Amino acid sequence: MKPPQPRLRPRAVLAMAPGVREEVFGGGTLRRLGELVEIHGQVLHEVSSAGALRALAEAEVLVTGWGCPRIGAGLLDQAPALRLIAHAAGTVKTFLDPAVLDRGVRVTSAAGANAVPVAEFTYAAIVFGAKRAFTLARRYRESGSRRDFTGLAWIGTHAITVGLIGLSRIGRRVMELLRGLDAEVLVYDPYAEPAEVTALGGAAVDLDTLVRRSHVVSLHAPETRETYRMLDARRLSLLRDGAVVINTARGGLIDTEALVKEVRSGRLDAILDVSDPEPLPGGHPLFDLPNAFVTPHLAGAQGNELTRLAESTLAEIARYTTGEPLLYQIHRDELDRMA
């Protein structure tokens, strides 16, 4: 009896912007990827040239990353062997036509790995926001006063109420981190079961109740037709004086003009890692208001955090090659309400 033949490694093609392979698949992870799959030598930055189509024609696995060209159903006609798209980043909605899922190609992403640094950033923003760190740092720099709390409605994290909009992967991780604070956590997510929210240590409420009761509101929802500018002028006006608004999700969830009015009045503070528009134009008032802190969409994986994305992708491809269920497979009915 002949011994079983080892399974041939699946043929894989990488598709992402120039430099992304080197950024994400460093520290030996590219070599380890090559132990799981046979990697086509060329990284595709487009999928329309004859060379790209030849590579795709033999690909069973497509490893994508930031800057991946659009993958549509028509492309699948040129890639008859394609069975798996493994995205070494967060959202797939920027490049994936939903029809690809309808054609039976499995899709997975490293969104769970990317959620870790975003949740950490958010937790830090909650603590710094509640301590008025950014406002007081500006006062210290401009006036030299060591501690000037004049006009601040409240300060500190003791017994605060934190409202989380969206029980996403990131929202769940933020809830875990908030167990280290003496905080009440309110959650608004129309797709979450109240019993699940309770089990995680929060209370499920409607959105208006959340904004009325919270000292800090943090957004973790996708941008859809239903969520676009969900924090509009009316809901921002419901926030208590001195409340902090944190957005590490999508800029379009907040009406920027209405937020500027509230922040300029001094009634609200804002910590924004995303904006609408993004990037904000030079000279935008949010850059100069003392109670606004704006960062350039950096909460997600950066620097050595990128290793998590590669490790997550490798683990999913390993499961695929051994026939195990994928942990982070994206299903068609989930796509519309994903970030």
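One structure accompanies this document, and this report is about it. Every chain begins its residue count from 1, and numbering advances along the sequence as written. Only residues with pLDDT of at least 70 are given local features in this predicted model, and only at 80 or more are side-chain atom pairs given and counted; all residues enter the totals for whole chains, interfaces and linings. Heavy atoms throughout the structure, all of them, feed into the side-chain values; hydrogens and water do not.

Regarding the side chain of R138
Then step 1. Here a strand is any run of E in DSSP of at least two residues, a helix any run of H or I of at least four, and the numbering for each starts at the N terminus. In this structure, R138 sits in helix α7 (residues 133-143).
Then step 2. When accessible area is computed with a 1.4 Å probe and restricted to protein chains, residues below 20% of their type maximum are described as buried, those above 50% as exposed, and intermediate ones as partly exposed. For R138, a relative accessible area of 16% translates into the label buried.
Then step 3. In what follows, a contact means two residues having at least one pair of non-hydrogen atoms within 4.5 Å. Residues contacting R138, with those up to four places away along its chain left out, are F287, D288, L289 and P290.

Brief notes about the sheet that holds strand β10 (residues 244-247)
Then step 1. For two strands to pair, DSSP has to find at least two bridges joining them. Strand order in the open sheet made by the seven strands is β8-β7-β6-β9-β10-β11-β12, with parallel pairing throughout. Two strands close off the open sheet at either side, each with one partner strand: β8 (203-204) and β12 (292-294).
Then step 2. Think of each axis as a best-fit line through the C-alpha atoms, taken over the contacting stretch in the case of a helix, with angles from 0 to 180 degrees between the N-to-C directions. Of the strands in this sheet, β6 (160-165), β9 (216-219), β10 and β11 (269-272) touch helix α6 (residues 111-130), which is tilted by about 160° from β10.
Then step 3. In the packing of helix α8 (residues 169-178) onto the sheet, contacts are made with β6 and β7 (183-188), and the angle to β6 comes to roughly 165°.

Here we look at the packing of α6 against helix α14 (residues 306-322)
Then step 1. Taken N-terminus to C-terminus, the directions of α6 and α14 make an angle of 150°; their axes are 7 Å apart at the nearest point. By the angle between their directions, the pair α6 and α14 is classed as roughly antiparallel. The segment α6 lies against α14, with A113, N114, V116, P117 and E120 engaging R308, L309 and S312.
Then step 2. Note on residue classes: Ala, Val, Leu, Ile, Met, Phe, Trp, Tyr, Cys and Pro are nonpolar, Asp, Glu, Lys and Arg are charged, and everything else, Gly too, is polar. Tallied by class, the residues present in the contact of α6 with α14 amount to four nonpolar, two polar and two charged. Throughout this description, any angle smaller than 35 degrees is read as roughly parallel, any larger than 145 degrees as roughly antiparallel, any in the 65 to 115 degree range as roughly perpendicular, and the remainder as oblique.

Overview of the layout of surface pockets
Then step 1. Residues are called lining when one of their atoms sits within 4 Å of a cavity or pocket point, these points coming from a 1 Å grid over the protein atoms alone, where a cavity is a set in which a 1.4 Å probe fits but cannot get out and a pocket is an open set with protein on both sides within 12 Å along at least five of seven lines. Grid points are joined across faces, edges and corners, and a volume is the space filled by probe spheres set on the points. By volume, the second largest pocket amounts to about 210 Å³.
Then step 2. Residue lining of the second largest pocket: 15 residues in total, with R139, L152, G266, D269 and N291 positioned closest to the centre.
Then step 3. Considering every element that reaches the lining of the second largest pocket, the biggest residue donor is α7, with four residues.

A short note on the nonpolar core
Then step 1. Side-chain atoms within 4.5 Å are what join buried Ala, Val, Leu, Ile, Met, Phe, Trp, Tyr and Cys residues into a set we call a nonpolar core. By size, the foremost hydrophobic cluster in this structure holds 29 residues, and its most contacted members are I165, L219, L231, L236 and L239.
Then step 2. Per element, the largest residue contribution to this core is four residues, and it comes from helix α12 (residues 256-265).
Then step 3. Within the second largest apolar cluster, 26 residues are counted, among which are V13, F95, L101 and V105.

Focus: α7
Then step 1. Every buried residue of α7 is accounted for by T135, L136 and R138. Along α7, the residues classed as buried sweep out an arc of 155° about the axis, all on the same side.
Then step 2. Looking at the residues trailing α7, positive phi occurs at G144, about 80°. This arc corresponds to the set of directions leading from the helix axis out to the C-beta atoms.

Quick notes on the packing of aromatic side chains
Then step 1. Here is the rule: rings of Phe, Tyr and Trp (six-membered ring for Trp) pair when centre to centre is within 6.5 Å. Planes less than 30 degrees apart are stacked, more than 60 are edge-to-face, and the remainder are tilted. In the structure shown here, the tally under the stated rule is two aromatic pairs.
Then step 2. Look at F128 and F134: their rings are 5.7 Å apart centre to centre, the planes differ by 25°, and that puts the pair in the stacked class.
Then step 3. In this structure F134 comes out as partly exposed when scored by relative accessible area, which is 24%.
Then step 4. With a centroid separation of 3.8 Å and an interplanar angle of 10°, the aromatic rings of F134 and F293 are classed as stacked.

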